[in-house]
Amino acid sequence: MIAYFDVTTNSFMLVRCGSLSCATGNTTVVLASGVSGAKASNTAFAIGADGFPVFVYSYSFFLRVIHCTDQLCNASTSVNVEIDLGLTFTEASLAISPI
């Protein structure tokens, strides 16, 4: 899986690779649309304790966490986590704790 921010559509995208090399059979999923001001360089990805992908990226003064509800990320839920405005935010990271 590859996550990226599409500046032409202001969308946070996910590419599901169709092969090990990601050269064929790929499909693209929109994880979040209308995301003006997102910083594509501030993204992180992990596999959750439930085996489903989890993504995080910066959005204005929030981190948006997207949790897929299946392994292929056909559907997801998201939540915003407020960032302290006094901090300098440069990168997102993500760690998953077992349930």
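First, a word on what this report is: a plain description of the structure on this page.

### Here's the deal with the sheet that holds strand β1 (residues 2-6)
- Read across the sheet, three strands follow the order β1-β2-β3 without closing on themselves; strand pairing throughout is antiparallel. Edge positions in the sheet fall to β1 and β3 (27-32), since each has one partner strand and no second. Neighbour-to-neighbour, the strand axes of this sheet turn through a mean angle of 30 degrees, independent of strand direction.
- Where β1 and strand β2 (residues 11-16) come together, five bridges link them in antiparallel fashion. Within β2, the residue paired with Tyr-4 across the bridge is Met-13.

### Overview of the state of the cysteines
- Under the criterion given, the structure shown has two disulfides.
- Paired through a disulfide, Cys-68 and Cys-73 show a sulfur-sulfur distance of 1.8 Å. Since a negative S-S torsion denotes a left-handed disulfide, the Cys-68-Cys-73 link at about -65 degrees is left-handed. An identical accessibility class is assigned to Cys-68 and Cys-73; each is buried.

What counts as what
Residues numbered from 1 in each chain as written. Predicted model: local features only at pLDDT ≥ 70, side-chain atom pairs only at ≥ 80, totals over all residues. Heavy atoms only, no water. Pairing = 2+ DSSP bridges. Helix = DSSP H or I, 4+ residues; strand = E, 2+ residues; numbered from the N terminus. Axes fitted to C-alpha atoms, helices over the stretch in contact; angles between N-to-C directions. Disulfide = S-S within 2.5 Å. Buried < 20%, exposed > 50% of the residue type's maximum accessible area, 1.4 Å probe, protein only.

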